[in-house]
Amino acid sequence: MHDTAEQAVERAIDTMRSNLSEQLTVDDMARAAMFSKFHFTRIFQRVTGISPGRFLSAIRLQEAKRLLTTTRLNVTDISLRVGYNSVGTFSTRFTKSVGLPPTIYRRMGGFAPRIPTQRPTGVSQGVITGRITAPLDGPVPGLIFMGLFPHRIPEGPPARCAILESPGVYRFANVPDGTWHLLCHSVSGDVLRLQQNRVMVSSVGPLTVRGQLTLTADAHLKQMSKIDPPVLLALLDSRKAAFERQDQAKVHAA
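Residues numbered from 1 in each chain as written. Predicted model: local features only at pLDDT ≥ 70, side-chain atom pairs only at ≥ 80, totals over all residues. Heavy atoms only, no water.

A. Local environment of the nonpolar core. Within the largest apolar cluster, 39 residues are counted, with the highest numbers of intra-cluster contacts made by M16, F44, F90 and F94. Broken down by secondary-structure element, the contributors of at least two residues to this core are α1 (2-18), α2 (26-33), α3 (37-48), α4 (52-70), α5 (75-81) and α6 (87-98). No other element matches the eight residues that α4 contributes to this core. In this structure F44 touches V9, A12, I13, M16, G49, I50, S51, P52 and F55, once residues within four positions along its chain are discounted. If you look at the next biggest cluster of nonpolar residues, it comprises 22 residues, including M146, L164, W180 and L215. (Core = buried A, V, L, I, M, F, W, Y, C linked by side-chain atoms within 4.5 Å. Buried < 20%, exposed > 50% of the residue type's maximum accessible area, 1.4 Å probe, protein only. Helix = DSSP H or I, 4+ residues; strand = E, 2+ residues; numbered from the N terminus. Contact = heavy atoms within 4.5 Å.)

B. Inspection of the environment of L80 at higher detail. One can find L80 in helix α5. Judged by its relative accessible area of 43%, L80 falls in the partly exposed class. Residues L80 and L20, spaced 60 residues apart in sequence, show a C-alpha to C-alpha distance of 9.2 Å. Those residues in contact with L80 that lie beyond four places of it in its chain are S21 and N85.

C. Structural detail: the packing of α4 against α6. Across the interface, α4 lies against α6 with an axial gap of 11 Å and an inter-helix angle of 95 degrees. The pairing of α4 with α6 is recorded here as roughly perpendicular in orientation. Across from R54, S57, L61, A64, K65 and L68 in α4, the residues of α6 making contact are F90, R93, F94, S97 and V98. Residues that form the contact of α4 with α6 fall into these classes: six nonpolar, two polar and three charged. (Axes fitted to C-alpha atoms, helices over the stretch in contact; angles between N-to-C directions. Parallel < 35°, antiparallel > 145°, perpendicular 65-115°, else oblique. Nonpolar A, V, L, I, M, F, W, Y, C, P; charged D, E, K, R; others polar.)

D. How the structure looks around α6. Over its twelve residues, α6 runs 16 Å from end to end, which matches the ideal 16 Å to within 8%, given 1.5 Å per residue. Of the residues making up α6, those classed as buried are F90, F94, S97 and V98. When α6 is viewed along its axis, its buried side chains cluster within an angular range of 80 degrees and face the same direction. The exposed set on the far side of α6, more than 90 degrees from its buried face, consists of T92 and K96. Structurally, α6 contributes buried residues whose contacts are with α4, α5 and α7 (102-107). Following α6 by one or two positions, G99 has its phi on the positive side, about 100 degrees. (Expected span 1.5 Å × (residues − 1). Arc of directions from axis to C-beta.)

E. Examining the pattern of salt bridges more closely. For the coordinates displayed, the defined rule picks out seven salt bridges. A salt bridge links K226 to D14; the shortest N-O distance between them is 2.9 Å. Of this pair, K226 sits in the loop between β9 (222-223) and α8 (238-253) while D14 is found in helix α1, placing the two residues 212 residues apart along the sequence. Judged by its relative accessible area of 34%, D14 falls in the partly exposed class. One salt bridge connects R31 with D28, and the closest N-O pair in it is separated by 2.4 Å. Placement of both R31 and D28 in helix α2 is noted, with a separation of three residues, approximately one turn of the helix. By relative accessible area, which is 55% here, R31 ends up exposed. Each of R54, R93 and E155 takes part in salt bridges that share partners, so that together they form one network. (Salt bridge = Lys/Arg side-chain N within 4 Å of Asp/Glu carboxyl O.)

See the structure below:
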């Protein structure tokens, strides 16, 4: 049943990706998955962690990110290609999810100069700690971005975030009260052969923090699959950082 459900969700996601400029409905997605509308929505939420509508919105913005950095199309044309009839609505949604307006995202080459976090509310002193691991027989992860988000999708400013050089122990202090998802993202592979890089992800949650509670949450990186929601938040340039580390290592070796 689990494989059947994932295959149905993958069919729906394929339909989304093939029709980003169209006004798809849940009925359209359910037909592609070959489930009833009600059953499809429940299955999709269980498999991906978010609703079909939010997943569709996420891959639309993911495609917009790609078009902004790989083409010369103007923002209006891009917004139409990814299903937005209003460029104003598109720009607002893009900025809220990615953290940068479309024009600045393009100017920055698809990367953020820094990762802003949500302003803390109240006097909560919650802590979330744990260890992040990677497959022993897989590629070595690059820089690992870790963030606490209110939903299963990495968009908007995280409550707390960190960047690890390699798998290991992490600790988030002063975590605001709330329910959070720990989302991790890493580009693995040889930075000198970027076409061979693979994205690795992990998701843990929901994690509910109240007061001075300390939670332990371990995460295990895996290769990103079709059913994983895309990373919308503009991240730091891990490739640039990797090259800088290589240069520093050469200097120390000399």
